[in-house]
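An overview of the molecular structure
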Amino acid sequence: MSKVLIITGQFVPFTKSLGGILRVYSFINSLKKKHEVYLIVSKPPKNKRYGYLGINKKDLKGVNIYYIKNNKYNFLQSIFNLNLLRNIFYLLGLDYAFSIKNDYVNLSNEIIKKKKIKYLIISSPPFSLFYLVKKIRNKFQNIKIIIDYRDGWSTRFNNIINYPLKFIVKNFIEKKILKNSNYVLATTFKIYSKLNKIIKNKKKIFLIRNGFFIRPKRLINRGKKIRIGYFGLISEHHSSYRNIRVIYDSIKNNKLLQNKIIFEFYGNNEIRDKYIRRFKPFKFNNNLPYKRALSKMTEMDYLLVLHTERSTSEEMVTSKFYDYLASGTHIINIFSGKNELGELIKKLNLGYNVNYEKNNLEKFFLTLKNKTKKIKWKKNFNFYSRDYQNKKLLKIIK
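Note that the structure is a prediction, hence the values are computed from the model and not measured.

1. Some thoughts on the overall build of the chain
For the chain, the helix and strand inventory stands at 15 helices and 13 strands. A globule of 398 residues ought to have a C-alpha radius of gyration of about 21 Å, and the chain, at 21 Å, matches this closely. In the chain, the share of contacts with a sequence separation of at least 24, taken over all contacts with a separation of at least 6, comes to 76%. As displayed, the chain offers around 19100 Å² of accessible surface, 53% of which is attributable to carbon and sulfur atoms.

The following block contains the structure:
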């Protein structure tokens, strides 16, 4: 048995969405069977609670969780949230955890020393947490440090505007952090392959995809309208990664489509545009408990993935894709630019890929029909389960 400390940004009950924390939750569940697990996370400003979002609190029994208060939300942090400068701040690691990174360092040092921690996992974003690596390495030379890329850092953006800053971050910041780590984990093949070009020791990097926990019982939509489900956060802001206006603008003038399709959105979303909020084909629902959400996914004709920012699309494989896969429901992937998720959907024959910049969404939706059959389960789908993927982590931590 080893003692393992995991550091990440947010966790239940102080997170708005499960998408960003399910990977860490799965690591905890895989590791705690043989190891002693500690977790350091931060609370949001004002300590706002969202509950456990369907995660069984009993699954966290025996896990030592430490919450850092984040009451340092100030004018500087409000600037970090500006959409105009979002990508620049992302590259620099100027995020919601940046102002409390010293609190992370102090608490980590205390726990590592007191509990004799052997393995440290830092899962990002937020990438300000990767700045902890050097400080912890300087104090504890023998600790095994594992850095986990849930998204790419300097590799994330594919545009000329960010290239100079991307070059600086990759060569003068990220490379040093990688050098001070023992192992590197990547969630997608694109992130994995790009990091492989940066890391000299190829044996220290592992592709551990996200995955599904369970396969829910499959249901069929018996209604006349085509039901398209979306699970997770979405926004009406033009600069958002998940801009609902792309859907809205494609069908707002088509009465036939408005009577043919209903989009069901599930998540803690705050849509302020009254025209979008009251749009007849859009039905906005609160976040569902995790298992209930999985069951609801099986009721749909299609499940929607939406990623509307070209510069970050290439590496994107949202964690909910694997739950969509487990549900057996056909997937509609709407994106722009290159897209790894699209390659997976095509390879596994799971649904449709629509580049909305090149294809007419209105015409696409007009061709859709109700689905009376689910996707037939194939043996190789089991490769995308959390249990299968996390076996690689269990081989690292001994």
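So much for the structure itself; the text now carries on.
2. Describing helix α15 (residues 386-396)
Looking at α15, one finds that the buried residues are Arg 386, Gln 389, Asn 390, Leu 393 and Ile 396. The buried residues of α15 occupy an angular sector of 90° when the element is viewed end-on, so they sit on one face. When the buried face of α15 is taken as reference, the exposed residues oriented beyond 90 degrees from it are Asp 387 and Lys 395. Where α15 is buried, its residues contact α1 (22-31), β4 (119-124), β5 (144-149), β6 (183-186) and β7 (205-207).

3. Concerning the pairing of β4
For β4, the tally of buried residues reaches six of six residues, placing the bulk of the element in the interior. Side chains Tyr 119, Ile 121 and Ser 123 of β4 all project onto a buried face; the interleaved residues Leu 120, Ile 122 and Ser 124 project onto the opposite face, where all are buried too. Across six bridges, β4 lies against β5 in parallel orientation. Bridge assignment links Leu 120 to a residue of β5, and that residue is Ile 145. Taking the sense of rotation as the criterion, the β-α-β connection linking β4, helix α5 (residues 132-139) and β5 turns out right-handed.

4. Here we look at the side chain of Asp 273
Residue position: Asp 273 is located in the loop between β9 (261-266) and α10 (274-277). Separated by 2.9 Å, the side chains of Asp 273 and Arg 245 make a polar contact.

5. Comments concerning the side chain of Gln 389
Looking at the element boundaries, Gln 389 is found in helix α15. Relative accessible area serves as the criterion here: at 0%, Gln 389 is assigned to the buried category. Contacts of Gln 389, omitting those with residues within four sequence positions, involve Leu 207, Ile 208, Arg 209, Asn 210 and Phe 383.

6. Digging into the layout of surface pockets
The computed volume of the second largest pocket comes to approximately 370 Å³. Considering the residues around the second largest pocket, the lining is formed by 19 residues, among which Tyr 25, Asn 29, Asp 59, Phe 213 and Ile 214 are closest to the centre. Sorting the residues of the lining of the second largest pocket by element identifies α1, α11 (290-299) and α15 as the ones contributing at least two each. It is α1 that provides the largest number of residues to the lining of the second largest pocket, a total of five residues. Grouping the amino acids of the lining of the second largest pocket by side-chain chemistry returns seven nonpolar, seven polar and five charged.

7. Some thoughts on the environment of Leu 195
Structurally, the position occupied by Leu 195 is in helix α7 (residues 189-198). With 41 residues separating them along the chain, Leu 195 and Ser 154 place their C-alpha atoms 9.6 Å apart. Those residues in contact with Leu 195 that lie beyond four places of it in its chain are Tyr 149, Glu 174, Leu 178, Val 184, Ala 186 and Ile 205.

8. Quick notes on the sheet that holds strand β12 (residues 330-335)
Here we have six strands laid out as an open sheet, ordered β10-β9-β8-β11-β12-β13, and parallel in their pairing. The sheet is open, and its two borders are formed by β10 (282-285) and β13 (351-355), each paired with just one other strand. Taken over all neighbouring pairs, the strand axes of this sheet differ in orientation by 25° on average, direction set aside. Here β12 runs beside β13; their pairing, made up of five bridges, is parallel. Paired with Ile 331 across the bridge in β13 is Gly 351. Relative to the sheet, α11 contacts β8 (226-231), β9 and β11 (302-307), its axis offset from that of β8 by approximately 150°. Across the sheet, helix α13 (residues 340-348) is in contact with β11, β12 and β13; its angle to β13 comes to roughly 150°.

9. Side note on unusual backbone geometry
Among all residues except glycine, the phi angle is most often negative; among peptide bonds, the trans geometry is most common. Cis peptide bonds are those with omega within 30 degrees of zero, and the linkage from Val 12 to Pro 13 qualifies with 5°. Tracing the backbone through its elements, the reader meets Pro 13 in the loop between β1 (3-7) and α1. In this structure, the amide linkage connecting Pro 125 to the following residue, Pro 126, adopts the cis form with an omega of 10°. Along the chain, Pro 126 turns up in the loop between β4 and α5. Its identity is not glycine, yet Lys 116 carries a phi of approximately 55°, on the positive side. Along the chain, Lys 116 falls in the loop between α4 (101-115) and β4.

10. Concerning the nonpolar core
With 54 residues, the main nonpolar core has Ile 6, Phe 11, Ile 28, Phe 321, Leu 350 and Ile 397 as its most contacted residues. The greatest single-element share of this core, amounting to six residues, is contributed by α1. Not counting residues up to four positions away in its chain, the partners in contact with Ile 28 are Ile 6, Phe 11, Val 37, Leu 39, Leu 60 and Val 63. By size, the runner-up hydrophobic cluster in this structure holds 40 residues, among which are Ile 7, Ile 68, Phe 130 and Ala 186.

About the criteria used
Chains are numbered independently. Their residues run from 1 in the order of the written sequence. Residue-level local features of this predicted model are given only where pLDDT is at least 70; pairs of side-chain atoms are given and counted only at 80 or more, and the full residue set underlies all totals for whole chains, interfaces and linings. Computation of side-chain values: all heavy atoms of the structure, hydrogens and water removed. Helix numbers and strand numbers start at the N terminus; a helix is a DSSP run of H or I with at least 4 residues, a strand a run of E with at least 2. We compute the radius of gyration over the C-alpha atoms and compare it with the globule rule, which gives 2.2 Å times the number of residues raised to the power 0.38. Throughout, a contact is declared for two residues whenever any of their heavy atoms are within 4.5 Å. With residues, only the protein chains shown are counted as cover, and all accessible areas are computed by Shrake-Rupley using a 1.4 Å probe. Each residue is assigned to one of three classes by its accessible area relative to the maximum for its type, calculated with a 1.4 Å probe on protein chains only: buried under 20%, partly exposed between the two thresholds, exposed over 50%. The arc in question is traced by the directions running from the helix axis to the C-beta atoms. Two strands make a pair as long as DSSP finds a minimum of two bridges between them. Here a crossover is taken to be right-handed if, once the strands point away from the viewer, the path from the first strand over the helix to the second is traced clockwise. What qualifies as a polar contact is a pair of N or O atoms within 3.5 Å, subject to a donor-acceptor requirement within protein and to the restriction that residues adjacent in sequence count only when both atoms come from side chains. Definitions used throughout: a 1 Å grid over protein atoms alone; a cavity as a set of points that fits a 1.4 Å probe which cannot get out; a pocket as an open set with protein on both sides within 12 Å along at least five of seven lines; a lining residue as one with an atom within 4 Å of a point. Grid points are joined across faces, edges and corners, and a volume is the space filled by probe spheres set on the points. Each residue is assigned to one class: nonpolar for Ala, Val, Leu, Ile, Met, Phe, Trp, Tyr, Cys and Pro, charged for Asp, Glu, Lys and Arg, and polar for all the others, Gly among them. To get an axis, a line is fitted to the C-alpha atoms, and for a helix only the part in contact is used. The angle between two axes follows their N-to-C directions and goes from 0 to 180 degrees. Nonpolar cores are built from buried Ala, Val, Leu, Ile, Met, Phe, Trp, Tyr and Cys residues. Side-chain atoms within 4.5 Å join them into one set.

Remember, this is a structural readout, not a statement about activity or role.
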